[in-house]
Amino acid sequence: MIRLKDVEMEYDNGTRAIQGVTLTIEDGEFVFLVGPSGSGKSTIIKLLTGEVEPCAGRIMINGFSVSNISGKQIPLMRRTLGVIFQDFRLIEKKTVYDNLAFVMRAVGARPKEIQKRIPYVLELVDLAEKADRYPTELSGGEQQRVAIARALVNNPNTIIADEPTGNLDPDRSLELMNLLVKINELGTTVVVVTHEKDLVDRFGKRVITIDSGHVINDSVGGYVGGRIHG
Amino acid sequence: MGKHNFGYFFHEGLSNMFSHGFMSFAAIGITVACLLIMGTFTLVAVNANELLVDLEQENEILAYVDDTYSDTAAKALQSDLEAIPNVASATYISKEQATADFSAEFPEEAMFQDLDPEIFEDRYAIKIVDLEKMSETCRAVEQVTGISEINAHEEIAGGFITIRNVATVVCVALIAILFVVSVFIISNTIKLTTFDRRDEIAIMRMVGATNGFIRWPFVYEGFMLGLLSAVIAFFLQWGLYAAVAQGVDNNDTMQLIRILPFQQLWPAVAGIFAAAGILIGVGGSLSAIRKFLQV
Ligand SMILES: Nc1ncnc2c1ncn2[C@@H]1O[C@H](COP(=O)(O)OP(=O)(O)OP(=O)(O)O)[C@@H](O)[C@H]1O
Ligand SMILES: [Mg+2]
C-alpha cells in the first residue's frame, strides 16, 4: 500500500514541486497519474523510490515509512518496487538475459533462482526467444518490455512506471499498457505516469490528476475536462 | 543476503581492472615505484641501523684510572662504573695487560716490544648500551672519583646518529608523500571504473542493492591493484638489493660496510609490501567510492 499524507517537496533551487498531496493506493490497484508537463508527476515517482525526500508530510510504501527511513532500510524498501522509465535504462553491454540476471544478483538471488525466474518473466513479456540479444538489437517496444521484465524479475509488490510509452508508437503503447494491466491482474500494484489521454480513457481505471503540485482530481474513468496538454 | 559473494565480487573487480587496462597499468606502475622507493629507503635505514649496532658494540669508552690508585683500589672502581646508567659493561685492564695488548698489536715494531708498563695507566674499557646517550655517559664516567681521564670517539658517534636521524625523518616524510600519491592514483583509476559503471550502479541502487554490495567490486579492484603492485615491487626490490649488495661486496673501499643478506630480510619486506600495497589499494578504492554512495 502507498500512502502520502500532506506531502510537500521543494527542490534545492526553491521549486515547490509538490504542495500538500494526500493520496492512498491500495494493494492490487491500477492507477494512472496524469497532469501537464512540470506538474510534479515525476517528482511523486521520485518521492516513492526515495530518490528525493519530502520536506513535510508522511509517505508510507509497502510498510516502510519513507519520510523517516534509515539508510539501511532504503534498499529493502526499493526491493518492494519495480521501476520503469521512459528511456528504458537497459545496460547495452549485457544481453537481455544478463540485464535481468544482473538485478537479481544485486539483491542476492541464488543462481538456481535466477535460472528459474528469468525464463518465466521473459515468457510473460513475450521475449523468450530474444534472451540472448543485446538491447541495441531490439525494437523500442521490445526494449521497454525488457525493462518491464527487469522491473518484475525480483517479484516486487508494486510497479511504478514514469511515461513508459513516451518513446513508443501508438500500437506499441497499447500493447505495453495491456501488458501492465495483465501484470496487475496477476496481483501487482501498478502506478503509471502518462500523457496519453486516449490510452487512459480506454482502460477506465482510476486516474489521479496533478496540477502545479496539487491533486486536482482523483476518480475512476478518464481524463477530467480538457485540462491536459502534456 | 548476508553471505559474502566472494566469487562474484572478485570476478567483477577483476573485469573492472581489465576494462581500464592502461589506467590500471599506470596505477600499478606508480604504486610499484612508491613501494620500491619506500622499500629501498627502509632497507638502507635497516642496514645503517645494523651498522650502528656494530658501532655500539665496538665503540668503547676508555676510562683511565688515577695513577695514585693501587691495583686493588683501581679494581674496586668497577662497581661504581657499572652502576652508571647506559653502561653495559666495564672491563678492567691493568697497565701490564695494556702493555701486552699494545705490543701484540704491533708485532713487527721492535721498539714497541718490552715496554715499561709504568708508561701505561690502569684503565677500564666501557661498553655502552645506547650510542645516542654517549656524551652523557662520558660525563658521568668522568665524575667517578678515581677516573683521571677518558678517551671516546664522541664525534663519530654523534655524526653517525645525526645521519641516521636525518635519514629517518626524510624516509618517513617520503613514505608519507608517496603513500598519499599512490592512494590518489589508485583512487582515480577506480573513479574511472565507477564512472564507466554509473548506469549499472544507478540500476543496482534502484532495485535495492545494498551499498555494501555495490561497493565490494571496487574494493576488490583496489585490493588486487595493491596486491599485484606489492608482488611486482617485491621481486624488483629483491633484484635491486641483490645487485647493490653485490656491488658493495666487490668494491674494495666499501669493505667496512656489512650488508645484511636479503634472505634474512625478505619476510619483513614481503609483509610490509603486502600490507602497504593492500592499504594503498583499499584506501584508494574507498576514497573513490566514498562520496558517490551517499543516499
Ligand atoms: N532536479 C530538479 N531540480 C529543480 N527543479 C526540478 C527538478 N526536477 C523537476 N523540477 C521542477 O519541479 C517541477 C515538477 O517537475 P516534474 O519533473 O515532477 O514534472 P512532471 O510532471 O514529471 O513533468 P513532465 O510531464 O514534463 O515529465 C517542475 O517545475 C520542474 O521544473
Ligand atoms: Mg516527468
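Residues numbered from 1 in each chain as written. Chains lettered and ligands numbered in written order. Predicted model: local features only at pLDDT ≥ 70, side-chain atom pairs only at ≥ 80, totals over all residues. Heavy atoms only, no water.

## What about the overall build of chain B?
For the record, the criterion: Here a helix means four or more residues in a row that DSSP labels H or I, a strand means two or more in a row labelled E, and each is numbered from the N terminus. Only C-alpha atoms enter the radius of gyration; for comparison, a globular chain is expected to reach 2.2 Å times N to the power 0.38, where N is the number of residues. Burial classes follow relative accessibility: with a 1.4 Å probe on protein chains only, a residue under 20% of its type's maximum area counts as buried, one over 50% as exposed, and anything between as partly exposed. Working rule for contacts: check all heavy atoms of both residues, and any pair within 4.5 Å makes them a contact. Neither His nor the chain termini are counted; the positive set is Lys and Arg, and the negative set is Asp and Glu. Each charge is placed at NZ for Lys, CZ for Arg, CG for Asp and CD for Glu.
The helix and strand tally for chain B stands at 10 helices and 4 strands. Across chain B, helices and strands are ordered from the amino to the carboxyl terminus as α-α-β-α-α-β-α-β-α-β-α-α-α-α. Taking 19 Å as the expected radius of gyration for a compact globule of 295 residues, we find that chain B reaches 30 Å, considerably beyond that expectation. For chain B, the residues scored as buried account for 38% of the 295 residues in total. Nonlocal contacts in chain B, meaning residues at least 24 apart in sequence, comprise 82% of its contacts between residues at least 6 apart. With 16 positive and 34 negative side-chain charges, chain B shows a spacing of 25 Å between the two charge centroids.

## Re helix α4 (residues 111–124) of chain A
Residue and element names in this part refer to chain A. In plain terms, the rule: For a helix, the expected span equals 1.5 Å multiplied by the residue count minus one.
Between the first and last C-alpha of α4 there are 20 Å, a value that for 14 residues agrees with the 20 Å anticipated at 1.5 Å per step. For α4, the full list of buried residues reads I114, R117, I118, V121, L122 and L124. On its buried face, α4 is in contact with α3 (96–106), α5 (140–153) and α6 (170–185). Two residues or fewer past α4, D126 is found with a positive phi of approximately 65 degrees.

## Some points on the interface of chain A and chain B
Cut-off, in case you're wondering: Using a 1.4 Å probe, buried area is obtained as the accessible area two parts lose upon being combined, added over both of them. For this document, the term salt bridge refers to a Lys or Arg side-chain nitrogen within 4 Å of an Asp or Glu carboxyl oxygen. Polar contacts, as counted here, are pairs of nitrogen or oxygen atoms within 3.5 Å of one another; within protein the pair requires one atom able to donate a hydrogen and one able to accept it, and residues that are adjacent in sequence qualify only if both atoms are side-chain atoms. Throughout this entry, Asp, Glu, Lys and Arg are counted as charged residues, while Ala, Val, Leu, Ile, Met, Phe, Trp, Tyr, Cys and Pro are counted as nonpolar. The remaining residues, Gly among them, count as polar.
Residue-level contacts link 18 residues of chain A with 13 residues of chain B. On the chain A side of the contact with chain B, A:R78, A:F102 and A:A106 bury the most area, a combined 30% of that side's loss. Where chain A meets chain B, there are 1 salt bridge. For A:K93, the salt bridge goes to B:E200, with nearest N and O atoms at 3.7 Å. Where chain A touches chain B, the interface holds 2 residue pairs in polar contact (both at pLDDT 80 or more). Of all the elements in the fold, those that place two or more residues in the side of chain A that touches chain B are α2 (73–78), β6 (81–85) and α3 of chain A. Considering every element that reaches the side of chain A that touches chain B, the biggest residue donor is α3(A), with 4 residues. Along the lines of polarity and charge, the residues of the side of chain A that touches chain B split into 8 nonpolar, 3 polar and 7 charged.

## What to know about the pairing of strand β8 (residues 189–193) of chain A
All names here are of chain A. The cut-off we apply is this: Strand pairing follows a simple DSSP-based rule, namely that at least 2 bridges must link the two strands. Seen with the strands pointing away from the viewer, any crossover whose path from the first strand over the helix to the second strand runs clockwise is right-handed.
Most of β8 is tucked away, with 5 of its 5 residues classed as buried. Side-chain alternation along β8 places T189, V191 and V193 on one buried face and V190 and V192 on a second face that is also buried. Bridge count for strand β3 (residues 30–34) against β8 is 4 bridges, and the pairing is parallel. Across the sheet, residue F30 finds its bridge partner in β8, namely V190. Here 5 bridges tie strand β7 (residues 158–162) to β8, and the two strands are oriented parallel to one another. Looking at β8, one finds that I159 is bridged to V190. After leaving β7, the chain enters α6 and then returns to the sheet as β8, a path that is right-handed.

## Overview of the confidence of the model for chain B
Here is the rule: For every residue, the predictor states its confidence as a pLDDT score lying anywhere from 0 to 100.
For chain B, mean pLDDT is 83; residues scoring 70 or higher make up 95% of the total. With a pTM of 0.74, the predicted complex shows an ipTM of 0.88.

## Regarding the domain arrangement of chain B
Quick reminder of the rule: What fixes the domain bounds is an automatic or database domain assignment.
Assigned domains within chain B: domain 1 (3–54 + 158–293) and domain 2 (60–152). For domain 1 of chain B and domain 2 of chain B, the distance between their C-alpha centroids amounts to 51 Å.

## Looking at the sheet that holds strand β5 (residues 64–65) of chain A
Residues and elements named next belong to chain A. Spelled out, the test is: Helix axes are fitted only over the stretch in contact, all axes being lines through C-alpha atoms; the angle between N-to-C directions runs from 0 to 180 degrees.
An order of β2-β1-β4-β5 is seen for the 4 strands of this open sheet, with the pairing classed as antiparallel. One side of each edge strand has no neighbouring strand; the edge strands of this open sheet are β2 (16–25) and β5. Pairing analysis gives 5 bridges linking strand β1 (residues 2–10) to strand β4 (residues 56–61), with the strands arranged antiparallel. Paired with E8 across the bridge in β4 is A56. Docked against the sheet, helix α1 (residues 41–49) engages β1, β2 and β4, running at close to 115 degrees with respect to β1.

## Focus: the site of ligand 1
All names here are of chain A. Quick reminder of the rule: Being near a molecule or strand, for a residue, means having at least one of its heavy atoms within 4 Å of it. To measure how exposed things are, a 1.4 Å probe is used in the Shrake-Rupley method; for residues, cover is taken only from the protein chains shown.
Near ligand 1, the surroundings consist of 15 residues, among which S37, G38, K41, S42 and T43 are the closest. A distance of 2.5 Å separates an oxygen atom of ligand 1 from a polar side-chain atom of T43. Burial of ligand 1 by the surrounding chains reaches 65%, relative to a free accessible area of 630 Å². Per-element accounting of the shell around ligand 1 gives the leading share, 4 residues, to α1. Each residue belonging to the shell around ligand 1 can be placed in one class, and the counts come to 3 nonpolar, 9 polar and 3 charged.

## Points about the nonpolar core
For clarity, the threshold we go by: Here, nonpolar core means buried Ala, Val, Leu, Ile, Met, Phe, Trp, Tyr and Cys residues that are tied together by side-chain atoms lying within 4.5 Å of each other.
Judged by nonpolar contacts, the single largest core of 90 residues is most densely connected at A:F32, A:L122, A:I148 and A:L180. Of all the elements, helix α9 (residues 211–250) of chain B adds the most residues to this core, at 11 residues. If we skip the residues at most four places from it in the chain, A:L180 touches A:F30, A:I84, A:I148, A:I159, A:P164, A:V190 and A:V192. Counting 29 residues, the second-largest nonpolar core is a separate cluster that includes A:L23, A:F64, A:I74 and A:L81.

## Focus on the side chain of A:N62
Residue and element names in this part refer to chain A. Take N62: it is sitting in the loop between β4 and β5. There is a polar contact of 2.9 Å between the side chain of N62 and the side chain of T80. If sequence neighbours within four positions are ignored, N62 has contacts with M1, D27, T80, L81, N157 and T158.

## Side note on the packing of aromatic side chains
Put simply, the rule is: The aromatic pairing rule takes the rings of Phe, Tyr and Trp, using the six-membered ring of Trp, and pairs them if the centres are within 6.5 Å, calling planes under 30 degrees apart stacked, those over 60 edge-to-face and the rest tilted. In this scheme, the term charge over a ring applies when either NZ of a lysine or CZ of an arginine sits within 6 Å of the ring centre and within 35 degrees of the ring normal.
On inspection of all chains with the given rule, the structure shows 16 aromatic pairs over all chains. Plain terms: the ring middles of B:Y8 and B:F213 are 5.5 Å apart, the flat faces sit at 20 degrees to each other, and that makes the pair stacked. Pair noted here: B:Y8 is in helix α1 (residues 6–19) and B:F213 is in helix α9, with a separation of 205 residues, a long-range link. The pair B:Y8 / B:F213 is uniform in exposure class, with both members buried. Taken together, the ring pairs connect B:F234, B:F235, B:W238, B:Y241, B:F262 and B:W266 into an aromatic cluster. Positioned above the aromatic ring of A:F85, the side-chain terminus of A:R89 is 3.7 Å from the ring centre.

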